[in-house]
Amino acid sequence: MSTTSADRTDRQAGDVGLLGEIERWRHAEPEALRLARLVTDEVRRTGRHHLADGLLGALDALHRRHRGRDAFLDAFLDAVLARRRDRFRNQTYLALPLVELVRADLGVDAEHMSALLMADVLRYERRSTQLDDRTRDTRVRHAAHFVAAVRPVLDLNWLPGDRADAVVEQWFGLTALPVSIEHDEYFFIRALQAHEMVFTTLTDELRAATQALRLGYLTTATARVRRAVDVFDRAAMLFRLVATMRPAAFHAFRQYTEGASAIQSEAYKRFELACGTPSAQRLFSEAFDNVPAVRAEAPGLDNFSRAWQDLCARGPAAAELTRAVEQLEAGHQRWKTTHYSLAAAMLGSAHGSGYTEGVPYLRRCLENWLFDLDAAAPGGEPCCQPGCSRVTCPVH
Ligand code: HEM
């Protein structure tokens, strides 16, 4: 996209106005929400990647003076200043610490939050004049299906940021901070944030199922795994939503997201650890190199597979629970296959923004499994599919 001299004049005028405001707060404590709204206006006008150096420098200095006084402002500025501070990653691209603060303040669980994020996509896309009618309608339909499936009673008139008196709703509106001015990046950010909420929900379910198994509550464990199956199935809708994006739109903002990748998603890797112990090959691959904090949690962590194996050692596994676990494993395989196809269509032979080879890395990931089931069924038949050596393979 070319920048005209009128654009440049506009941008400079925006910078100057904002710089003046920042100057006002040199000696006084900044009004956190007001500052964040002004910065967000500028981000939406230019893209985070194109914020002027002078502005970033002034914000950085202001943040160093005032860090620790307002957790929301800290999380917001950590996201805005991430590239400048060489901390641009999945967490800062998606402003996840700020999303979590807003979620805590709203008092909603992760699944509810995923519905609110998608309701925001509805709001954004319904107003859009940049998409052709067909793409807009498809996108709106997928977002609406997700919201209806997750929270059928959600009030779609709740528009984050619209009620001037509700501070937390205002902050909700400031959690999407695109790096570009490409229309599609906004909904892409929301889809990734919603996915993070999905993985958090899945981890909670699997941890609860493990605890229930340890206490011998098989019915509760089965119900928890079944819920995880439903949550995963609904996540497929988010991929359908992302698939409405044209590769050209994706590449228009991807050039600025280098270094941030969902391979750094701690929520996804925590979900893996909640299901089973990863193979040493997986644990010491780039998959976990990118989430050192989660890898450090792995030793000694209880997980569903272990609890299940202990249960099976005492007698045959309950058929309903086995079925639910098989469904979850199959759901994860489907999720990975869809992700692989989407990435292949969007990326082609380009490397990933997390510096893997890209699509070939994702192809290898198709061979990973969530649960180590083999030990749970020592007498099972080996899978009949060529290349699959698992005993009692739940997928083939
Ligand atoms: C345009 C769409 C997408 C493309 C092109 C894409 C591409 C990739 C690539 C190339 C990787 C490998 C790591 C890297 O080098 O960056 C990756 C990893 C990953 N992506 Fe995506 N992705 C897309 C959408 C999504 C969405 C919507 C999600 C939902 C959360 C997602 C979740 C993940 C996860 C969890 C990983 C880590 C996989 C692992 O380590 O096993 N991706 N993606």
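It should be noted that the structure appears before, not after, this text.
Residue numbers here run from 1 along each chain, matching the order of that chain's written sequence. Local features in a predicted model are, by the rule used here, given only for residues with pLDDT of at least 70; side-chain atom pairs are given and counted only at 80 or more, and totals for whole chains, interfaces and linings are based on all residues. To get the side-chain values, take all heavy atoms of the structure and skip hydrogens and water.

**Q** Would you mind going over the side chain of Thr-40 in detail, with residue names and values included?
**A** Examined against the element boundaries, Thr-40 turns out to sit in helix H2 (residues 32–46). In this analysis, two residues are considered to be in contact whenever any of their non-hydrogen atoms come within 4.5 Å of each other. Among residues more than four places away in sequence, those in contact with Thr-40 are Phe-76, Leu-174 and Leu-177. In this text, helices come from DSSP runs of H or I with a minimum length of four residues, and strands from runs of E with a minimum of two, each type numbered from the N-terminal end.

**Q** I'd love a proper account of the coordination of the iron atom of the ligand, names of residues and values included.
**A** Think of the donor list as every N, O and S atom within 2.8 Å of the metal, or within 3.2 Å for Na, K and Ca; water never makes the list, so a site can look incomplete. Its sole protein donor being His-339 (NE2), the iron atom of the ligand sits 2.1 Å from that atom. Looking at the element boundaries, His-339 is found in helix H18 (residues 319–347).

**Q** Got a sec to walk through the site of the ligand? Specific residues and values, please.
**A** What surrounds the ligand is a group of 27 residues, the closest being Ser-261, Arg-282, His-339, Thr-356 and Tyr-361. In protein, a polar contact requires one atom able to donate a hydrogen and another able to accept it; more generally it is a pair of N or O atoms within 3.5 Å, and residues adjacent in sequence count only if both atoms are side-chain atoms. For the ligand, an oxygen atom lies 2.7 Å from a polar atom in the side chain of Ser-261. Within the contact set of the ligand, an oxygen atom lies 2.8 Å away from a side-chain nitrogen or oxygen of Tyr-361. Detection works on a 1 Å grid of protein atoms alone, calling trapped sets that fit a 1.4 Å probe cavities and calling open sets with protein on both sides within 12 Å along at least five of seven lines pockets, with lining residues defined by an atom within 4 Å of a point. Occupancy of a cavity or pocket is assigned to a molecule whenever over half of its atoms lie within 2 Å of that pocket's grid points. According to the grid-proximity analysis, the pocket containing the ligand is the largest cavity. Secondary structure elements with two or more residues in the shell around the ligand: helix H10 (183–214), helix H13 (266–275), H18 and helix H19 (359–365). Ranked by the residues each element gives to the shell around the ligand, the list is headed by H18, at six residues. Gly falls in the polar group here, along with every residue not listed as nonpolar (Ala, Val, Leu, Ile, Met, Phe, Trp, Tyr, Cys, Pro) or charged (Asp, Glu, Lys, Arg). Here the residues of the shell around the ligand are counted per class, giving 17 nonpolar, eight polar and two charged. Throughout, the term near means that a residue has one or more heavy atoms lying within 4 Å of the molecule or strand in question.

**Q** Explain the environment of Glu-182 to me, and be specific about the residues and the numbers.
**A** Checked against the element boundaries, Glu-182 lands in the loop between helix H9 (167–172) and H10. The residues touching Glu-182, leaving out its near neighbours within four places in the chain, are Ala-249, Ala-252 and Phe-253.

**Q** Got a sec to walk through empty space enclosed by the protein? Specific residues and values, please.
**A** Grid points are joined across faces, edges and corners, and a volume is the space filled by probe spheres set on the points. Counted under the stated rule, the structure contains two cavities of 30 Å³ or more. Approximately 980 Å³ is the volume attributed to the largest cavity. Around the largest cavity, the lining comprises 46 residues; the ones closest to its centre are Ser-261, Ala-262, Ile-263, His-339 and Leu-362. For the lining of the largest cavity, the secondary structure elements donating two or more residues are helix H5 (90–93), H10, helix H11 (218–242), helix H12 (247–254), H13, H18 and H19. A total of nine residues in the lining of the largest cavity trace back to one element, the largest contributor, which is H18. Its residues assigned to classes, the lining of the largest cavity shows 27 nonpolar, 13 polar and six charged. The computed volume of the second largest cavity comes to approximately 40 Å³. Together, Glu-111, Ser-114, Phe-146, Val-150, Val-198, Thr-201, Val-231 and Arg-234 line the second largest cavity. Where the lining of the second largest cavity is concerned, the elements lending two or more residues are helix H7 (110–126), helix H8 (133–150), H10 and H11. When grouped by side-chain class, the residues that make up the lining of the second largest cavity number four nonpolar, two polar and two charged. Among the domains, domain 2 (107–172) and domain 3 (183–376) are the pair contributing at least three residues each to the lining of the second largest cavity. Domain borders in the structure are assigned automatically or taken from a domain database.

**Q** I'd love a proper account of the environment of Ser-349, names of residues and values included.
**A** Note on placement: Ser-349 falls in the loop between H18 and H19. As a C-alpha pair, Ser-349 and Val-359 span 10 residues in sequence and 7.0 Å in three-dimensional space.

**Q** Tell me about the packing of aromatic side chains, and name the residues and values.
**A** Each aromatic pair joins two rings of Phe, Tyr and Trp (for Trp, the six-membered one) with centres within 6.5 Å, and gets the label stacked for planes under 30 degrees apart, edge-to-face for over 60, and tilted for any other angle. Tallying each qualifying case throughout the model produces 15 aromatic pairs. Between Phe-304 and Phe-371, the aromatic rings sit 5.7 Å apart at their centres with planes inclined by 75°, giving edge-to-face as the arrangement. With Phe-304 in helix H17 (residues 304–313) and Phe-371 in the segment after H19, the pair connects residues that are 67 residues apart, well separated along the chain. Burial classes follow relative accessibility: with a 1.4 Å probe on protein chains only, a residue under 20% of its type's maximum area counts as buried, one over 50% as exposed, and anything between as partly exposed. The class for Phe-304 is buried, based on a relative accessible area of 0%. With a relative accessible area of 2%, Phe-371 lands in the buried category. Three or more aromatic residues link up through ring pairs in this structure, and these residues are Phe-199, Phe-232, Phe-239, Tyr-268, Phe-271 and Trp-335. Note on geometry: a ring has a charge over it if NZ (lysine) or CZ (arginine) is within 6 Å of the ring centre and within 35 degrees of the ring normal. Directly above the aromatic system of Phe-288 lies the positively charged group of Lys-269, at a separation of 5.8 Å from the ring centroid.

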